[in-house]
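# Chain and residue survey
Read off the chains here:
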Amino acid sequence: MQTILVCDDEKEIVEAISIYLEGEGFRVLKAYDGKEALEVLEKEPADLVIMDVMMPGLDGIRTTLKIREKSNIPIIILSAKSEDNDKILGLNIGADDYISKPFNPLELMARVKSQLRRYNKLGSPVPQQKSSVYKVGGLVINDDNKEVTVDDEPVKLTPIEYNILLLLVKNAGKVFSINEIYEQIWNEEAIGADNTVAVHIRHIREKIEINPREPRYLKVVWGVGYKVEKQPS
């Protein structure tokens, strides 16, 4: 479930937008000024922000600047039709889209979904690292809930298998020797580790590869070690 932060000093607007978002299956976080929005984002990551421009205290423009210091998540700003300069300024300093008040709820939902599709397609290393989600092609590891999926299908790994795969995915393209893998996963000196690591690698391949004999992701570099192959965009 994707999470959206809605920030507006008018509580009725926040509640109205929340009803539509929740009806579309989104989880909603609420804030009523810029300062509160930043505090909420410090505690809970969001996938998108909908924020009013004109708010007392920390307004939407300055809040957008603050968010952009740490995150690349999509931001849709809300503004009255008379605030064209604020719309332009908002886009210039990092907002992704804007919608004028009063707005059509269906248009707002369409813009939200469009921004999320764009963001998910292009990706962003900053929020992915913060939320501990790592992706290589169709292989995705969510380290927050320890879930692995391949082409949206869940994969069950043992803790050791998971930690080996996480190490390789986080460093996609880098070759790790058997000793390096063993020492990082088992936290002890690698003595006679070849067979131990090889067995776990084989099990991982059997679970994540369509054809383990011709692996797409987890590859051996003969005489050197193993790596997760980077995938084309």
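Preceding block: the structure.
Below: a short report on this structure. (Residues numbered from 1 in each chain as written. Predicted model: local features only at pLDDT ≥ 70, side-chain atom pairs only at ≥ 80, totals over all residues. Heavy atoms only, no water.)

### What to know about the overall build of the chain
- Each helix and strand in the chain was counted, giving 9 helices and 11 strands.
- Each principal axis of the C-alpha distribution contributes one length, and for the chain these read about 70 × 30 × 25 Å.
- For the chain, with 233 residues in total, the buried portion stands at 43%.
- Long-range pairs, those at least 24 residues apart, make up 53% of the contacts in the chain between residues at least 6 apart in sequence.
- Of the roughly 13000 Å² that the chain leaves accessible, carbon and sulfur atoms contribute 50%.
- Across the chain, the 31 positively charged side chains and the 38 negatively charged ones have centroids separated by 3 Å. (Helix = DSSP H or I, 4+ residues; strand = E, 2+ residues; numbered from the N terminus. Buried < 20%, exposed > 50% of the residue type's maximum accessible area, 1.4 Å probe, protein only. Contact = heavy atoms within 4.5 Å. Areas by Shrake-Rupley, 256 points an atom, 1.4 Å probe, with all protein chains shown as cover. Lys, Arg positive; Asp, Glu negative; His and termini not counted. Charge placed at Lys NZ, Arg CZ, Asp CG, Glu CD.)

### Here we look at the pairing of strand β6 (residues 133–136)
- In β6, alternate side chains face the same way, and those of Tyr134 and Val136 are buried while those of Val133 and Lys135 on the opposite face are not.
- With 4 bridges connecting them, β6 and strand β7 (residues 139–142) associate as antiparallel partners. By the bridge assignment for β7, Val136 is matched with Leu139.
- The hairpin turn running from β6 into β7, its antiparallel successor, is 2 residues long, and Gly137 in that turn takes a positive phi close to 60°. (Pairing = 2+ DSSP bridges.)

### Let's talk about the packing of aromatic side chains
- Counted by the stated rule, this structure contains 1 aromatic pair.
- Ring centres of Tyr182 and Trp186 lie 4.5 Å apart, and the angle between their planes is 10°; on these two criteria the pair is classed as stacked. Residue Tyr182 and its partner Trp186 are both found in helix α8 (residues 178–186); the two are separated by 4 residues, about one turn of the helix. (Phe/Tyr/Trp six-rings, centres within 6.5 Å; stacked < 30°, edge-to-face > 60°.)

### Looking at the sheet that holds strand β8 (residues 147–150)
- Here we have 4 strands laid out as an open sheet, ordered β6-β7-β8-β9, and antiparallel in their pairing. The sheet is open, and its two borders are formed by β6 and β9 (153–155), each paired with just one other strand. Between one strand and the next, the sheet's axes are offset by a mean angle of 25°, whatever the strand orientation.
- Contacting β6, β7 and β8, helix α7 (residues 159–170) runs over the sheet at an angle of about 110° to β7. (Axes fitted to C-alpha atoms, helices over the stretch in contact; angles between N-to-C directions.)

### Comments concerning the packing of helix α2 (residues 34–43) against helix α3 (residues 60–68)
- Running from N to C, α2 and α3 cross one another at 20°; their axes reach a closest spacing of 9 Å. Classified by the angle their axes make, α2 and α3 are roughly parallel. For the pair α2 and α3, the sense of crossing is right-handed. The residues of α3 that touch α2, namely those facing Gly34, Ala37, Leu38 and Leu41, are Thr63, Lys66 and Ile67. (Parallel < 35°, antiparallel > 145°, perpendicular 65-115°, else oblique. Left-handed = near helix turned anticlockwise from the far one by under 90°.)

### Quick notes on the side chain of Lys101
- Examined against the element boundaries, Lys101 turns out to sit in strand β5 (residues 97–101).
- Side chain to side chain, Lys101 and Asp8 meet in a polar contact 2.9 Å long.
- For Lys101, the side chain forms a polar contact with the side chain of Asp52, separated by 3.1 Å. (Polar contact = N/O pair within 3.5 Å; in protein donor to acceptor, adjacent residues only side chain to side chain.)

### Looking at the pattern of salt bridges
- Applying the stated criterion across every chain yields a total of 16 salt bridges.
- A salt bridge links Lys207 to Glu161, with the nearest nitrogen and oxygen atoms 2.7 Å apart. Of the two residues, Lys207 sits in helix α9 (residues 194–208) while Glu161 sits in helix α7, which places them 46 residues apart along the sequence.
- What makes Glu161 buried here is its relative accessible area of 3%.
- The salt bridge involving Arg202 is made with Glu206; its shortest N-O contact spans 4.0 Å. Of this pair, Arg202 and Glu206 are both found in helix α9, 4 residues apart, which corresponds to roughly one turn of the helix.
- The structure contains a network of salt bridges with shared partners spanning Asp8, Asp52 and Lys101. (Salt bridge = Lys/Arg side-chain N within 4 Å of Asp/Glu carboxyl O.)

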